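Residue-level listing of the chains:
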Amino acid sequence: MQMLQEAICEKGTVLPNGVLKVNSFLNHQIDTGLMIEIGKEFASRFSEYKIDKVITIESSGIAPSFFAAHSLDVPLVFARKKKSLTLKDNVYTSEVFSFTKQESSEITVAKEFIKENERVLIIDDFLANGQAAQGLINVVKQAGAIVAGIGIVIEKSFQPGRKLLEDKGYHVESLARIDSLSDGKITFLQEDAG
Ligand code: 5GP
């Protein structure tokens, strides 16, 4: 997706350990125009997948999935990362190891928001080792619902997340695929370069 690649090139900075910082348009300050286009792009890529619901993880997944869910005309559910007094019974939980924080946390979704046999689209901001996506898959499966697809804003293709998910049979659509962040330089996979 050209507009996204341009934002990454112009505003992204490469941190040590293969981390891309995009705080100026995705992870802290949000470029709402770009998020709307990202949402439309997800909706178009998954338009034939009969999606009933979009699920993401707070907080950075919410902005890019909001307009996707709106365009698909389905609800958006976000998994909570923080324990809450209002959310402790009748929940699905899953352990997620965070790539950027290097610690485990438990994600939680109230049972009432995912129903058996619903076709669920998982969306997240980044795909690295696939742990966040796997945590959401676990929650969807506990509910007896179906993972209809996985939409990622920025995939770091040099990490094993995509392969892990595809090997399990999931369909992954990434709007930007980064081949390398070596030497502080951002290069995209050839298929996105044009
Ligand atoms: P994974 O679970 O696939 O290893 O990592 C994905 C999660 O870690 C995303 O939800 C995202 O929040 C975070 N993440 C992974 N890599 C990066 C990165 O390079 N930059 C940023 N900003 N977040 C990342």
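Just so you know, these numbers come straight off a predicted model, no measurement behind them. (Residues numbered from 1 in each chain as written. Predicted model: local features only at pLDDT ≥ 70, side-chain atom pairs only at ≥ 80, totals over all residues. Heavy atoms only, no water.)

### Considering the site of the ligand
Near the ligand there are 16 residues, and of these L20, D124, N129, G130 and A132 occur at the shortest range. Here an oxygen atom of the ligand and a backbone polar atom of A128 are 2.8 Å apart. Relative to its unbound accessible area of 510 Å², the ligand is 89% covered by the protein chains. Mapping the ligand onto the cavity grids shows that it belongs to the largest pocket. (Near = heavy atom within 4 Å. Polar contact = N/O pair within 3.5 Å; in protein donor to acceptor, adjacent residues only side chain to side chain. Areas by Shrake-Rupley, 256 points an atom, 1.4 Å probe, with all protein chains shown as cover. 1 Å grid on protein atoms, 1.4 Å probe; cavity = no way out; pocket = protein on both sides within 12 Å on 5 of 7 lines; lining within 4 Å. Sits in = over half its atoms within 2 Å of the grid points.)

### Some words on the layout of surface pockets
Rolled over the atoms, a probe with the dimensions of a water molecule shows which regions are left empty. In this structure, the largest pocket occupies an estimated 1000 Å³ of space. What lines the largest pocket is a set of 37 residues, among which K81, S98, T100, K101 and D125 lie closest to the centre. Secondary structure elements with two or more residues in the lining of the largest pocket: strand 2 (19-21), helix 2 (23-27), strand 5 (91-98), strand 6 (103-110), strand 7 (119-127), helix 5 (131-142) and strand 8 (146-156). Here the residues of the lining of the largest pocket sort into 15 nonpolar, 13 polar and 9 charged. (Points joined across faces, edges and corners; volume = space filled by probe spheres on them. Helix = DSSP H or I, 4+ residues; strand = E, 2+ residues; numbered from the N terminus. Nonpolar A, V, L, I, M, F, W, Y, C, P; charged D, E, K, R; others polar.)

### As for the packing of aromatic side chains
The full count for this structure, using the stated rule, is 1 aromatic pair. Relative to Y49, the ring of F46 has its centre 5.3 Å away and its plane inclined at 70°; by these criteria the two rings are edge-to-face. The class of F46 is buried, set by a relative accessible area of 0%. Judged by relative accessible area, Y49 falls into the partly exposed class, the value being 23%. (Phe/Tyr/Trp six-rings, centres within 6.5 Å; stacked < 30°, edge-to-face > 60°. Buried < 20%, exposed > 50% of the residue type's maximum accessible area, 1.4 Å probe, protein only.)

### Let's talk about the pattern of salt bridges
Under the criterion given, the structure shown has 8 salt bridges. Measuring nitrogen to oxygen at the nearest pair gives 2.5 Å for the salt bridge that ties R162 to E155. Accessibility expressed as a relative area gives 16% for R162, which makes it buried. For R162, the salt bridge identified is with E166, shortest N-O distance 3.1 Å. Here the residue R162 and the residue E166 both occupy positions in helix 6 (residues 161-167), the gap between them amounting to 4 residues, near one helical turn. Here the salt bridges do not stand alone but share partners, grouping E155, R162, E166 and R177 into one network. (Salt bridge = Lys/Arg side-chain N within 4 Å of Asp/Glu carboxyl O.)

### Brief notes about the sheet that holds strand 7
If you walk across this open sheet you meet the 6 strands as 4-3-7-8-9-10, and the pairing is mixed. Single-partner strands in this sheet number two, and they are strand 4 (76-79) and strand 10 (187-188). Sheet topology places strand 3 (residues 53-57) next to strand 7; 3 bridges connect them, and they run parallel. The partner of K53 across the bridge, within strand 7, is V120. Contacts from helix 1 (residues 2-11) reach strand 8, strand 9 (172-180) and strand 10 within the one sheet, and its direction differs from that of strand 9 by about 35°. (Pairing = 2+ DSSP bridges. Contact = heavy atoms within 4.5 Å. Axes fitted to C-alpha atoms, helices over the stretch in contact; angles between N-to-C directions.)

### Let's talk about the side chain of S180
On the secondary structure map, S180 appears in strand 9. If we skip the residues at most four places from it in the chain, S180 touches F158, K185, I186 and T187.

### A look at the packing of helix 1 against helix 3 (residues 32-45)
At their nearest, the axes of helix 1 and helix 3 sit 10 Å apart, and the two run at 140° to each other. As the angle between them shows, helix 1 and helix 3 are arranged oblique. As helix 1 packs across helix 3, the resulting crossing turns out to be left-handed. Residues M3, L4 and A7 of helix 1 form the contact with helix 3, whose own contacting residues are G33, L34, E37 and I38. (Parallel < 35°, antiparallel > 145°, perpendicular 65-115°, else oblique. Left-handed = near helix turned anticlockwise from the far one by under 90°.)

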